[in-house]
Amino acid sequence: MKDQYGRELTDLRISLTDRCNLRCVYCMPAEGIDFRPQEELLRDDELLLLVRVAAELGVRKVRLTGGEPTVRPGVVDLVHGIRQIPGIEEIAMTTNGLLLEYLAPALAEAGLTRANVSLDTMDPDKFHRITRGGKVEKVLSGIAAAEAAGLRPIKLNSVVVRGFNEDDVASLAALTLDRPWEVRFIEMMPFGSVGDFAEAGVVNSEETIEKIEAALGPLTPLNLSGEDPARTYRLPGAAGTLGFISPVSQPFCAKCGRLRLTADGRLRLCLLRDDEADLLTPLRLGATYEEIKETFRAAAFRRPFGHALAEKMFPQARVMIQIGG
Ligand code: SAM
Ligand code: SF4
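Novice: Any chance you could explain empty space enclosed by the protein here in plain terms?
Specialist: In this approach, a probe sized like a water molecule rolls over the atoms, and the result shows the empty space that is left. This model, assessed by the stated rule, comprises 1 cavity of 30 Å³ or more. Approximately 30 Å³ is the volume found for the largest cavity. Every residue lining the largest cavity is listed: Val160, Phe185, Ile186, Glu187, Val203, Asn204, Ser205, Thr208 and Phe244. Within the residue set of the lining of the largest cavity, elements represented by two or more residues are strand E6 (182-187) and helix H8 (205-216). With 3 residues, E6 is the largest single contributor of residues to the lining of the largest cavity. Class assignment of the residues belonging to the lining of the largest cavity gives a composition of 5 nonpolar, 3 polar and 1 charged.

Written as structure tokens, this is what we have:
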């Protein structure tokens, strides 16, 4: 499956829920967010049908996200169900890690292959502040559990936020010195009610790289032109790698082959634009399998070329927790 600009679409990110057990400053406003009633979210059978459709159209990799994917009831069975779908070669998860301590073995057993765990700082007070209440020790236990369960590779995601964690990037990067992890630094993107906050506090990747090199030595580039949106590097003598994801300062739209399915059954055509196609309504109105497939394919074809952050326009309709990153 390709879009109108010829970009191959093999990667589907699925939001399993619009709820979370944290409330990160860049992802949700402090208050006043409307969660969808349960009956307006995709049920397991509907979700599995859409993954089957996507796989028949060429999707090979699924990433489960949210909200926090591990708080969805029955998440282990859902992973198992996706595993059975012909064509799906990889099932990854992006998680805040809080529940991995308990869930990692069962998820790995059910067919999850890899995990990205979000970790913006290892300082307990700063972690509490950026997540509005989280306990970093739980995340560290979760990462250890993911590793013990055999999930590979382990990637850690840090969104760098001025005034919150921009001075912690070197200590996060130093984790790769003796662990074979990829620690990835993500530029904060603006969405809806947290858009002004994100625009004011974004730290670009070049600044992050300078801070890390000043503390830990020069970075050796690994892939600067690959398909992965992360530019990757290695610290001198390190076991793991560093990744820099720079949607704001160095957009990678020309190579973006990602589709996103929101928890309420919309195909989101670009992370940073409001364009969506409703799949839930036709599903519930009794559309046939072939009709759903055609709606999916036609919507994917319409993907816009890229975002408009350079023109100071950001999506208004949803914040990240309602999309799925
Ligand atoms: N709850 C899970 C987690 O935190 O990993 C999965 C969902 S979360 C929305 C997915 C990823 O999006 C996380 O790595 C998070 O840090 C990132 N994220 C959330 N809001 C963001 C923003 N405004 N800009 C950049 N990344 C953001
Ligand atoms: Fe929850 Fe993840 Fe958003 Fe943080 S980034 S509020 S953990 S969904």
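What follows picks up the thread again.
Novice: Is there a simple way to explain the environment of Val160 in this structure?
Specialist: Note on placement: Val160 falls in strand E5 (residues 154-160). According to the relative accessible area criterion, Val160 is buried, its value standing at 2%. Between the C-alpha atoms of Val160 and Asn204, which are 44 residues apart in sequence, the distance is 8.3 Å. Every residue in contact with Val160, bar those within four places of it in the chain, is listed here: Asn165, Glu166, Val169, Phe185, Ile186, Met188, Gly201, Val203 and Thr208.

Novice: Explain helix H10 (residues 289-301) here, please?
Specialist: Quick reminder: α-helices carry 3.6 residues per turn. Residues three or four places apart thus point the same way. Along its 13 residues, H10 runs 18 Å from first to last C-alpha, staying within 8% of the 18 Å computed at 1.5 Å per residue. Restricting attention to buried positions, one finds in H10 the residues Ile292, Lys293, Phe296, Ala299 and Ala300. Seen end-on, H10 carries its buried residues on one side only, within an arc spanning 135°. Those residues of H10 hidden inside the fold are in contact with helix H1 (44-56), strand E10 (258-261), strand E11 (266-268), strand E12 (276-278) and helix H9 (280-284).

Novice: What am I meant to see in the packing of aromatic side chains here?
Specialist: Within a pair of aromatic rings, the relevant descriptors are the distance that separates the centres and the angle that separates the planes. What the rule picks out here adds up to 4 aromatic pairs. Summarising the aromatic geometry, the rings of Tyr233 and Phe244 are spaced 5.6 Å apart at their centres and angled 80° between planes, so their arrangement reads as edge-to-face. One end of the pair, Tyr233, is in strand E8 (residues 231-234); the other, Phe244, is in strand E9 (residues 241-245), and 11 residues separate them in sequence. Feature note: the residues Phe185, Tyr233 and Phe244 constitute an aromatic cluster, connected by ring pairs. The side chain of Arg129 reaches across the aromatic face of Phe164, ending 4.0 Å from its centre.

Novice: Mind showing me how you'd approach the packing of helix H2 (residues 75-83) against helix H3 (residues 100-110) here?
Specialist: Between two packed helices, the angle of one axis relative to the other and the distance separating the axes together describe the packing. Relative orientation of the contacting elements H2 and H3 amounts to 20°, with a least axis distance of 8 Å. It follows that H2 is roughly parallel to H3 by the angle criterion. Classified by chirality, the crossing of H3 by H2 is right-handed. Residues Val75, Val76, Val79, His80 and Arg83 of H2 lie in contact with H3, whose contacting residues are Leu103, Ala106, Leu107 and Ala110. Across the contact of H2 with H3, the residue classes tally to 7 nonpolar, 1 polar and 1 charged.

Novice: Is there a simple way to think about the pattern of salt bridges in this case?
Specialist: Note on pairing: side chains with opposite charge can pair once their charged atoms come close. Applying the stated criterion across every chain, the model contains 26 salt bridges. Asp264 is the salt-bridge partner of Arg36, the closest N and O atoms lying 2.9 Å from each other. Residue Arg36 is located in the loop between strand E1 (11-15) and H1, and its partner Asp264 is located in the loop between E10 and E11; the two are separated by 228 residues in the primary sequence. Of the residues examined, Arg36 reaches a relative accessible area of 31% and is grouped as partly exposed. As a salt-bridge pair, Arg184 and Glu182 come within 3.9 Å of each other at their nearest N and O atoms. The class of Glu182 is buried, set by a relative accessible area of 11%. One salt-bridge network, held together by shared partners, links Arg36, Glu40, Asp264, Arg268, Asp274, Glu276 and Arg318.

Rules behind the numbers
Residues numbered from 1 in each chain as written. Chains lettered and ligands numbered in written order. Predicted model: local features only at pLDDT ≥ 70, side-chain atom pairs only at ≥ 80, totals over all residues. Heavy atoms only, no water. 1 Å grid on protein atoms, 1.4 Å probe; cavity = no way out; pocket = protein on both sides within 12 Å on 5 of 7 lines; lining within 4 Å. Points joined across faces, edges and corners; volume = space filled by probe spheres on them. Helix = DSSP H or I, 4+ residues; strand = E, 2+ residues; numbered from the N terminus. Nonpolar A, V, L, I, M, F, W, Y, C, P; charged D, E, K, R; others polar. Buried < 20%, exposed > 50% of the residue type's maximum accessible area, 1.4 Å probe, protein only. Contact = heavy atoms within 4.5 Å. Expected span 1.5 Å × (residues − 1). Arc of directions from axis to C-beta. Phe/Tyr/Trp six-rings, centres within 6.5 Å; stacked < 30°, edge-to-face > 60°. Lys NZ or Arg CZ within 6 Å of the ring centre and 35° of its normal. Axes fitted to C-alpha atoms, helices over the stretch in contact; angles between N-to-C directions. Parallel < 35°, antiparallel > 145°, perpendicular 65-115°, else oblique. Left-handed = near helix turned anticlockwise from the far one by under 90°. Salt bridge = Lys/Arg side-chain N within 4 Å of Asp/Glu carboxyl O.

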